[in-house]
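Summary of structural features
The primary structure of each chain is shown beneath.
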Amino acid sequence: MFQKRQLRIIYLVILIIVLVLVYKSFTQHGPPAAAEGDVEQTSGGNEAMLKPSAPVLVVVYYETLCPDSKNFVLHQLQPAFDRAPELMDIEFVPFGKASWTTKSDGSLEFDCQHGPIECEGNTIHACVVEAVREPRTRLAMVACMIQNNIMPRDIFYRCAKEHGVEIESIKKCYDSPHGAELLKVHGEATHALRPAVSFIPTVTLDGAQYVQKSILKDLFGNVCQVVAGRGPKPDVCK
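Quick caveat, the model's predicted, so the values are computed rather than measured.

1. Section: a nonpolar patch on the surface
Together, Ile-117, Ile-150 and Met-151 make up an exposed nonpolar region whose accessible area comes to about 270 Å². Tracing the chain through its elements places Ile-117 in helix α3 (residues 116-131). Given a relative accessible area of 35%, Ile-117 falls into the partly exposed group.

Here it is as structure tokens:
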């Protein structure tokens with residue numbers, strides 16, 4: 001009897017030791033590290049620390065004497081960028097409903113919807129958007145020039161001085177075959193759009209045309225919809 005009682009005591013002690021060890025294994029270690037791709041929690045544990053979405057690529061296919069292009073740049077594009085520049089990367093494609101032919105001497109000849117002055121304006125814009133890569137200044141230059149592009153060279157000089165843009169390299173661009181080659185590149189990009197261009201301006205968001213009437217009337221709202229489709233809606237869009 002005494003031996004059986006000893007064995008019971010020994011078994012009980014062993015069980016207690018095992019339980020203590022198991023308990024310590026759960027209490028001494030911290031929470032498991034977050035796996036790669038998991039959302040990190042704030043110190044309060046209630047809000048997620050989410051990485052900001054990449055900006056939406058806004059590509060504007062336009063022409064310099066088009067009233068609708070002018071209206072979009074001044075009343076949609078510029079205000080939307082001023083409101084939330086972090087949401088947009090803007091690229092310009094000045095060409096519109098133009099065409100070109102290659103002459104016998106190899107030079108390029110353009111035919112633009114609003115005549116030769118627009119071809120000249122498109123070429124100057126092509127040189128400007130190539131040379132000026134700082135986003136806010138590039139947009140400011142396009143907006144400044146498109147307000148009154150009837151005398152393209154004069155408005156370029158005025159806007160360049162107003163926004164501190166170097167003049168000579170851009171002038172060299174549009175006075176040389178390089179300007180025509182740039183315009184042809186913009187023409188090829190415009191003609192490659194699918195669905196094909198039927199209205200100028202045409203605006204793509206991350207390469208998609210979506211509903212153009214909606215984009216042209218509410219660019220900011222449409223950009224916010226694209227961003228929200230990737231994750232939480234930014235505060236600026238609420």
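2. Considerations on the nonpolar core
Membership of the largest hydrophobic core comes to 31 residues, with the highest contact counts inside it found for Val-58 and Leu-219. Those elements giving two or more residues to this core turn out to be β3 (56-62), α2 (67-83), β4 (88-94), α4 (135-146), β7 (202-205), α8 (212-217) and α9 (219-228). Apart from residues no more than four positions distant in its own chain, Leu-219 is found in contact with Val-58, Phe-72, Gln-76, Leu-77, Ala-80, Met-88, Leu-205 and Ser-214. In terms of nonpolar packing, the next biggest core, distinct from the first, is built from 18 residues, Val-128, Cys-144, Phe-156 and Ala-160 among them.

3. What about the pairing of β3?
Burial runs high along β3: six of the seven residues are buried. Here seven bridges tie β3 to β4, and the two strands are oriented parallel to one another. The partner of Tyr-62 across the bridge, within β4, is Pro-94. A crossover connection joins β3 to the parallel β4 through α2; in handedness this β-α-β unit is right-handed. Two strands pair when backbone bridges link them, and β3 and β7 are joined in this way by four bridges, in the antiparallel orientation. Paired with Tyr-61 across the bridge in β7 is Thr-202.

4. Section: the confidence of the model for the chain
Summing up the model confidence of the chain, the mean pLDDT is 86 and the portion of residues at 70 or higher is 78%. Counting contacts from residues 22-51, a segment whose pLDDT is below 50, to residues more than four positions away or on other chains yields eleven contacts.

5. Structural notes on the pattern of salt bridges
One pass over the full model with this rule turns up eight salt bridges. Here Arg-158 makes a salt bridge to Glu-162, at a shortest N to O gap of 3.3 Å. Linking Arg-158 with Glu-162, this pair stays in helix α5 (residues 152-162), spanning four residues, or about one helical turn. A relative accessible area of 44% means that Arg-158 is categorised as partly exposed. Members of the salt-bridge network, linked through shared partners, are Glu-120, Arg-153, Lys-171 and Asp-175.

6. Description of the sheet that holds β3
A sheet is described by the order of its strands in space; here three strands give the open sequence β4-β3-β7, paired in mixed fashion. Pairing within the sheet leaves two strands with one partner each, and these edge strands are β4 and β7. If you compare each strand with its neighbour and ignore which way they point, the axes differ by 15° on average. Here α9 sits on the sheet and contacts β3, β4 and β7; the angle it forms with β3, its principal contact strand, is near 145°.

Thresholds applied
One numbering rule holds for all chains: residues counted from 1, following each sequence as written. At least 70 in pLDDT is required for a residue's local features to be given in this predicted model, at least 80 for side-chain atom pairs to be given and counted, and no such filter applies to totals for whole chains, interfaces and linings, which use all residues. Heavy atoms from the whole structure form the basis of all side-chain values; hydrogens and water molecules are not counted. Residues enter patches when they are more than 30% accessible in relative terms and free of salt bridges; like-charged ones are connected within 9 Å and nonpolar ones (Val, Leu, Ile, Met, Phe, Trp, Tyr) within 5 Å. Each accessible area is a Shrake-Rupley estimate made with a 1.4 Å probe; only the visible protein chains count as cover when residues are assessed. Whenever a carboxyl oxygen of Asp or Glu lies within 4 Å of a side-chain nitrogen of Lys or Arg, that contact is scored as a salt bridge. Secondary structure follows DSSP: runs of H or I at least 4 residues long count as helices, runs of E at least 2 residues long count as strands, and numbering of each begins at the N terminus. Accessible area is worked out with a 1.4 Å probe on protein chains only. A residue is then buried under 20% of its type maximum, exposed over 50%, and partly exposed in between. Here, the term nonpolar core denotes a set of buried Ala, Val, Leu, Ile, Met, Phe, Trp, Tyr and Cys residues that are joined through side-chain atoms within 4.5 Å. Here a residue-residue contact requires only that any non-hydrogen atoms of the pair lie within 4.5 Å. Strand pairing requires that DSSP identify at least two bridges connecting the strands. By the criterion used throughout, a crossover qualifies as right-handed when its path from the first strand across the helix to the second strand runs clockwise, the strands pointing away from the viewer. A residue's pLDDT is simply how confident the predictor is in it, with values from 0 to 100. Each axis is a line fitted through C-alpha atoms, and for a helix only the stretch in contact is used; angles between axes span 0 to 180 degrees, taken between their N-to-C directions.

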